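Here is what each chain is made of, one letter per residue.
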Amino acid sequence: MIRTIQNIDHDFEESCDVCVIGSGAGGAVVAKELAEAGLNVIVLEEGGYYPTSSFSHDPQRMLPRLYRHAGGAIIVGNAPIMYVEGRCVGGSTVINAGICYRTPESVLDDWRREHGLAELAYDKLLPYFEVVEKNLHVMPVPDAIMGRDSLKFKQGAENLGYRYVRVQRNIHACQGTNLCILGCPTGAKQSTLISYLPEALKNGAQLIANCRADKIVVKNGRAAGVEASVVDPASHKIRHRAYIRARAVFACSGALHTPTLLFRSGLAKRRSWIGRNLYLHPNLKCVGIFDEEVKSWQGSIQGFQIDEFAEEGIVFGSTFLPPGILALSLPYFGNDSFKLMEHYHHMSLWGALVEDTHPGRIWRLPNGTSVTTYWINALDRQRFLRAIASLAKIFFAAGARKVLLPIKSFTEINREEEIEQIPKLRVRASDFSVFTMHLMGTCRLGIDPRTSVIDMNHQFHGIENLFIADASVFPTPIRVNPMITIMALATRAAQKFIENRQRYLRVT
Amino acid sequence: MHRKILSTLQEKLLAQLAPHIIPANGPAVPHFHAKIVQRLDRFLFELPSLLRSLFLWGLRMFDFAAVFFAQPRRRFSRLPDKSRFDYIQRMSRSWFHPVRDWLFTCRGLILLFYYSQPEVMAALHYDPQAWARERVQARRQELHLTETIDELKILSEATQDDQDDSEY
């Protein structure tokens with residue numbers, strides 16, 4: 001059953017075995033697994049319910065509906081970093097590009113060696129990767145929907161001799177509509193909205209949308225339930241209060257909001273690592289302009305990734321944006337902006353994902369919210385320049401005649417020879433236009449309660465029936481798109497819970 | 001309906017700023033001033049309160065700082081058109097990055113709105129609605145579907161926004 005603000009007209013209380021907070025990559029998986037195991041599950045989702053049939057090509061309409069703060073959220077520091085996060089039923093899986101990668105073995109080796117997480121070795125996680133990939137219909141992007149921009153990208157890689165891979169995505173009969181970031185209107189992208197959540201509901205789970213979890217109530221050292229508010233998305237006013245009595249709680253609100261919820265619940269004083277260790281895979285985008293039409297808005301949002309520099313923590317991929325969103329990221333005013341945008345069909349947008357080396361942090365504010373800070377260090381600044389120079393090189397190798405750069409003091413180059421200036425630029429962090437979709441690490445897994453927030457079973461240290469299963473659990477950045485990792489770990493967490501349910505669900 | 005964020009003065013300032021952000025030689029958008037102010041108000045409503053306050057404070061500073069950095073030395077709201085444009089260009093190159101970032105944020109919001117207008121997209125020969133409609137139909141044919149996909153059956157009526165919402 002699903003309830004939204006439309007059919008909630010009074011304060012209410014509910015009881016369940018497990019309350020899951022969040023319906024994205026982590027929460028939807030947990031809800032499905034536990035509901036299939038016969039448990040009574042209630043999922044709370046702060047955002048609204050928007051079915052596939054309501055998705056539109058218009059960013060003005062979809063950004064306020066599907067994105068937290070209409071896509072205008074900022075991380076503060078020595079450079080403002082825009083971050084985007086889904087806030088709707090299905091979470092960020094509704095707005096992402098659906099790129100599916102297993103956690104690299106080198107990352108899992110690092111987790112084992114540096115963090116003692118031997119249980120998360122690749123061979124131990126493999127069954128979870130496989131089941132998630134099957135449920136999401138993960139497959140390589142087929143040739144039939146490969147856009148011209150992806151073929152240009154591949155051509156650039158081949159001309160330079162760079163190693164590249166065909167991207168895997170969670171798609172079923174994808175038609176290359178390339179509106180993924182505004183919600184897939186065809187239903188091809190297998191977000192949790194159309195994959196895991198319907199399965200959870202079929203098995204008796206309840207989903208309450210427009211319902212923000214305010215506090216996890218802890219009594220006698222155990223989670224007793226969740227206090228929540230039903231919030232009107234149009235006015236942001238609280239319409240009703242709710243209390244969900246639960247025998248166990250899974251917090252799956254994402255790397256920013258799970259720690260914020262823990263702060264509000266008074267649990268942070270027990271664990272100083274809550275909110276620390278924030279990594280975010282800074283993303284930098286370049287736009288290339290070709291003489292011929294490329295029409296990057298047709299075809300799969302991404303077809304290939306260049307992983308030639310993966311061991312250095314840099315990967316490259318293509319993507320594309322509707323004109324309104326593309327224009328806002330280009331550094332031009334007035335007629336200059338239109339002169340550029342007239343070449344929309346000749347443009348390609350390629351990006352670099354950089355594995356960051358220095359963590360940020362989430363800080364509690366007195367009003368129950370939080371602020372996120374992140375400083376780009378000198379090493380990462382140099383890596384940004386290296387990534388931008390490499391992207392420009394790939395563009396020119398693919399035949400671009402102009403490349404627009406995400407550096408405010410050096411915005412474009414028109415000849416390949418100009419690339420060599422890029423690594424030598426003396427730039428501040430604030431000169432870069434950086435954004436991110438991959439926030440992680442703020443409630444990290446670990447075997448030592450002094451340096452982690454949850455244990456190997458995703459159980460909050462010190463509270464037996466409180467669990468976390470989202471991107472906040474990663475001990476380190478993972479170098480690749482995180483959806484499959486989140487879902488595999490959430491599947492494992494749910495399975496561990498089911499195996500030990502007698503212990504976790506004892507009545508207080 | 002959301003709570004109105006912008007005061008009359010702030011609306012006027014943004015309406016004065018917007019024509020210098022959008023292309024003067026680009027496609028005209030009917031009732032642009034009224035629409036942009038309404039859109040910006042809606043967007044600002046969605047921002048976190050701290051960020052919203054910073055933005056509005058930045059707008060006020062932008063208006064007053066023209067007394068020091070524009071010619072003639074007047075507030076932005078009292079400058080002639082040409083002087084407004086020159087002042088904006090100067091601020092966009094400021095070494096002080098909060099000024100630059102504020103202006104680029106403003107610019108971004110206005111251009112997001114402008115380039116999402118049907119008239120402007122038509123001038124770019126970009127028709128996402130027709131493209132998406134065609135792709136939706138193509139997938140239905142491939143999978144032999146006869147109905148729109150609504151994965152989760154909602155027990156209540158659709159929201160006011162969602163009624164007759166399907167475009168494809």
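Everything numeric in this text was worked out from a predicted model, so none of it was measured. (Residues numbered from 1 in each chain as written. Chains lettered and ligands numbered in written order. Predicted model: local features only at pLDDT ≥ 70, side-chain atom pairs only at ≥ 80, totals over all residues. Heavy atoms only, no water.)

Trainee: Can you walk me through the overall build of chain A in this structure?
Mentor: The helix and strand inventory of chain A stands at 12 helices and 22 strands. Over its C-alpha trace chain A gives a radius of gyration of 22 Å, about what one expects of a compact globule, namely 23 Å for 508 residues. Along the longest, intermediate and shortest principal axes, the C-alpha atoms of chain A span 70 × 45 × 45 Å. Counting every position in chain A, which comprises 508 residues, the buried fraction comes to 68%. Contacts spanning at least 24 positions in sequence make up 73% of the contacts within chain A whose residues lie at least 6 apart. Total accessible area computed for chain A in this model is approximately 16700 Å², and 48% of it derives from carbon and sulfur atoms. For chain A, the distance from the average site of its 57 positive side-chain charges to the average site of its 49 negative ones is 5 Å. (Helix = DSSP H or I, 4+ residues; strand = E, 2+ residues; numbered from the N terminus. Rg over C-alpha atoms; globule rule 2.2 N^0.38 Å. Buried < 20%, exposed > 50% of the residue type's maximum accessible area, 1.4 Å probe, protein only. Contact = heavy atoms within 4.5 Å. Areas by Shrake-Rupley, 256 points an atom, 1.4 Å probe, with all protein chains shown as cover. Lys, Arg positive; Asp, Glu negative; His and termini not counted. Charge placed at Lys NZ, Arg CZ, Asp CG, Glu CD.)

Trainee: I'm lost on the overall build of chain B in this one. Help?
Mentor: In terms of helices and strands, chain B carries seven helices and zero strands. Going residue by residue from the N terminus, the α and β elements of chain B occur as α-α-α-α-α-α-α. The proportion of buried residues among the 168 residues of chain B is 50%. Contacts in chain B between residues far apart in sequence, at least 24 positions, make up 59% of those at least 6 positions apart. Carbon and sulfur atoms provide 56% of the accessible area of chain B, an area that totals close to 9200 Å².

Trainee: What is the right way to read unusual backbone geometry from this model?
Mentor: Among all residues except glycine, the phi angle is most often negative; among peptide bonds, the trans geometry is most common. With an omega of -5°, the peptide bond running from Gln71 of chain B to Pro72 of chain B counts as cis. Locating Pro72 of chain B in the fold gives a position in the loop between α3 (49-69) and α4 (81-92).

Trainee: Explain the packing of helix α1 (residues 25-36) of chain A against helix α11 (residues 483-499) of chain A to me, please; I cannot follow it from the model alone.
Mentor: Each pair of packed helices can be described by the angle between their axes along with the distance between the axes. All names here are of chain A. For the pair α1 and α11, interaxial distance at closest approach is 8 Å and the crossing angle is 35°. Where α1 crosses over α11, the handedness of that crossing is right-handed. In contact with Ala25, Gly26, Val29, Val30, Glu33 and Leu34 of α1, α11 contributes Met483, Ile486, Met487, Ala490, Thr491, Ala494, Gln495, Phe497 and Ile498. (Axes fitted to C-alpha atoms, helices over the stretch in contact; angles between N-to-C directions. Left-handed = near helix turned anticlockwise from the far one by under 90°.)

Trainee: Could you clarify how one ought to interpret the nonpolar core in this entry?
Mentor: Soluble, globular proteins show a tendency: their nonpolar side chains are buried together. Residue and element names in this part refer to chain A. Within the largest apolar cluster, 241 residues are counted, with the highest numbers of intra-cluster contacts made by Leu34, Leu44, Phe250, Phe316, Leu326, Ile422 and Phe497. Element by element, the count of residues in this core is highest for α11, at 11 residues. Those residues in contact with Leu34 that lie beyond four places of it in its chain are Val18, Leu39, Val41, Phe250, Ala494, Phe497 and Ile498. (Core = buried A, V, L, I, M, F, W, Y, C linked by side-chain atoms within 4.5 Å.)

Trainee: In this structure, what is going on with the packing of aromatic side chains? I would like to understand it.
Mentor: Where two aromatic rings form a pair, the distance of their centres and the angle of their planes describe that pair. Summed over all chains, the structure comprises 30 aromatic pairs over all chains. Between the aromatic rings of Phe290 of chain A and Phe395 of chain A, the centroid separation amounts to 6.2 Å while the plane-to-plane angle is 50°, which identifies the pairing as tilted. Linking Phe290 of chain A in the loop between β13 (283-289) and β14 (304-306) with Phe395 of chain A in helix α10 (residues 378-397), this pair joins segments that are 105 residues apart in sequence. With centroids separated by 5.0 Å and ring planes inclined at 55°, the aromatic side chains of Phe62 of chain B and Phe76 of chain B adopt a geometry described as tilted. Highlighted residues: Phe62 of chain B in helix α3 and Phe76 of chain B in the loop between α3 and α4, separated in sequence by 14 residues. Residue classification places Phe62 of chain B among the buried positions, given a relative accessible area of 5%. Feature note: the residues Trp297, Phe320 and Tyr344 of chain A together with Tyr126 and Trp131 of chain B constitute an aromatic cluster, connected by ring pairs. (Phe/Tyr/Trp six-rings, centres within 6.5 Å; stacked < 30°, edge-to-face > 60°.)

Trainee: Is there a simple way to think about the pairing of strand β11 (residues 222-231) of chain A in this case?
Mentor: Looking along a regular strand, one sees the side chains alternate between the two faces of the sheet. All names here are of chain A. Summarising burial for β11: nine of the 10 residues are buried, a large majority. Summarising the sheet, strand β10 (residues 211-219) and β11 pair through eight bridges and their orientation is antiparallel. Within β11, the position partnered with Lys219 by the bridge is Arg222. Linking β10 back to β11 in an antiparallel pair, the connection comprises two residues, with Asn220 at a positive phi of about 50°. Across seven bridges, β11 lies against strand β12 (residues 238-251) in antiparallel orientation. Counterpart to Ala228 in the pairing with β12 is Ala242. Here β11 hands over to β12 after six residues, with His236 in that stretch at a positive phi of 65°. (Pairing = 2+ DSSP bridges.)

Trainee: Honestly, the environment of Gln10 of chain B in this entry has me stumped. Any pointers?
Mentor: Residue and element names in this part refer to chain B. Topologically, Gln10 is positioned in helix α1 (residues 8-17). A sequence separation of 53 residues divides Gln10 from Asp63, and the C-alpha atoms of the two residues are 9.7 Å apart. Discounting chain neighbours no more than four positions away, the residues touching Gln10 are Ile5, Leu56 and Leu59.

Trainee: What should I look at first to understand the pairing of β12 of chain A in this one?
Mentor: Relative to β12 of chain A, strand β2 (residues 12-21) of chain A runs parallel, the two being bridged by nine bridges. Bridge pairing in β12 of chain A places Val18 of chain A opposite Ala248 of chain A.

Trainee: Quick question: what am I supposed to make of the interface of chain A and chain B here?
Mentor: Quoted interface sizes are often the accessible area lost when the parts come together. Taken together, the contact pairs 76 residues of chain A with 68 residues of chain B. Between chain A and chain B, the buried area comes to about 6000 Å², and carbon and sulfur atoms account for 60% of it. At the junction of chain A with chain B, the criterion picks out three salt bridges. Taking the shortest distance from any N to any O, the salt bridge between Lys408 of chain A and Asp101 of chain B comes out at 3.0 Å. At the surface where chain A touches chain B, the tally comes to 23 residue pairs in polar contact (both at pLDDT 80 or more). Put simply, the parts of the chain that give the side of chain A that touches chain B at least two residues each are α2 (59-66), α6 (196-202), α8 (323-329) and α9 (334-341) of chain A. Across the side of chain A that touches chain B, the residue classes tally to 38 nonpolar, 30 polar and eight charged. (Buried area = accessible area lost by both parts, 1.4 Å probe. Salt bridge = Lys/Arg side-chain N within 4 Å of Asp/Glu carboxyl O. Polar contact = N/O pair within 3.5 Å; in protein donor to acceptor, adjacent residues only side chain to side chain. Nonpolar A, V, L, I, M, F, W, Y, C, P; charged D, E, K, R; others polar.)

Trainee: What should I look at first to understand the pattern of salt bridges in this one?
Mentor: Side-chain pairs of opposite charge can arise whenever the charged atoms involved come near each other. This structure, assessed with the given rule, holds 39 salt bridges over all chains. Linking Asp336 of chain A and Lys339 of chain A is a salt bridge whose minimum nitrogen-to-oxygen distance equals 3.7 Å. Of the two residues, Asp336 of chain A and Lys339 of chain A both sit in helix α9, three residues apart, roughly one turn of that helix. A relative accessible area of 43% means that Asp336 of chain A is categorised as partly exposed. Here the salt bridges do not stand alone but share partners, grouping Glu46, Arg68, Glu85 and Arg87 of chain A together with Arg42 and Glu46 of chain B into one network.

Trainee: It is not clear to me how α2 of chain A should be interpreted in this structure. Could you clarify?
Mentor: The α-helix advances 3.6 residues per turn, and as a result positions three or four apart in sequence lie on the same side. Within α2 of chain A, seven of the eight residues are buried, which leaves it mostly tucked inside the rest of the structure. Close packing links the buried residues of α2 of chain A with α8 of chain A together with α2 (32-46) and α5 (97-114) of chain B.

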